[in-house]
Amino acid sequence: MFYESQGSSGAHIITLQAILNLVNNAGLNTDGFYGPRTADAVKAFQARPDVSLPQNGAIDPGVWGHMERLSGLRVVSIVNAEEPLYWNRNAPRIRVNRR
């Protein structure tokens, strides 16, 4: 599982942004860059009453676990992935914008 914070980038950040858009209606661009808007969206997610985690903007296994629970997606770790790291054939499709 990934531990991420502001300044990170990659396919796993696209996954993060897409899930935040799905479960929290965050309105993020799925560009793969963990900038200030993504950090604010993570803090808003952490503040949800059904999540109730410290609002530090960092992504750890606990945050991923809540995202999986609320989205119905299973987030997996894949090294050097070219595609977003989610899969569940019964889950809703998520549109991902490429750079």
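Remember, predicted model here, so these are calculated numbers, not experimental data.

## So, the overall build of the protein chain
Here is step 1: Along its length, the protein chain carries 3 helices and 2 strands.
Here is step 2: The secondary structure elements of the protein chain, listed N-terminal to C-terminal, are α-α-α-β-β.
Here is step 3: Looking at the protein chain residue by residue over its 99 residues, the buried ones come to 41%.
Here is step 4: If you take every contact in the protein chain between residues at least 6 apart in sequence, the share linking residues at least 24 apart comes to 44%.
Here is step 5: Carbon and sulfur atoms provide 48% of the accessible area of the protein chain, an area that totals close to 5,700 Å².

## Comments concerning helix α1 (residues 11-24)
Here is step 1: Here α1 spans 20 Å end to end across 14 residues, near enough to the 20 Å set by a 1.5 Å rise per residue.
Here is step 2: Of the residues making up α1, those classed as buried are A11, H12, I13, I14, T15, L16, Q17, A18, I19, L20 and V23.
Here is step 3: N25 lies just past α1 and shows a positive phi near 50 degrees.

Definitions and limits used
Residues numbered from 1 in each chain as written. Predicted model: local features only at pLDDT ≥ 70, side-chain atom pairs only at ≥ 80, totals over all residues. Heavy atoms only, no water. Helix = DSSP H or I, 4+ residues; strand = E, 2+ residues; numbered from the N terminus. Buried < 20%, exposed > 50% of the residue type's maximum accessible area, 1.4 Å probe, protein only. Contact = heavy atoms within 4.5 Å. Areas by Shrake-Rupley, 256 points an atom, 1.4 Å probe, with all protein chains shown as cover. Expected span 1.5 Å × (residues − 1).

In short, geometric facts, not functional conclusions.
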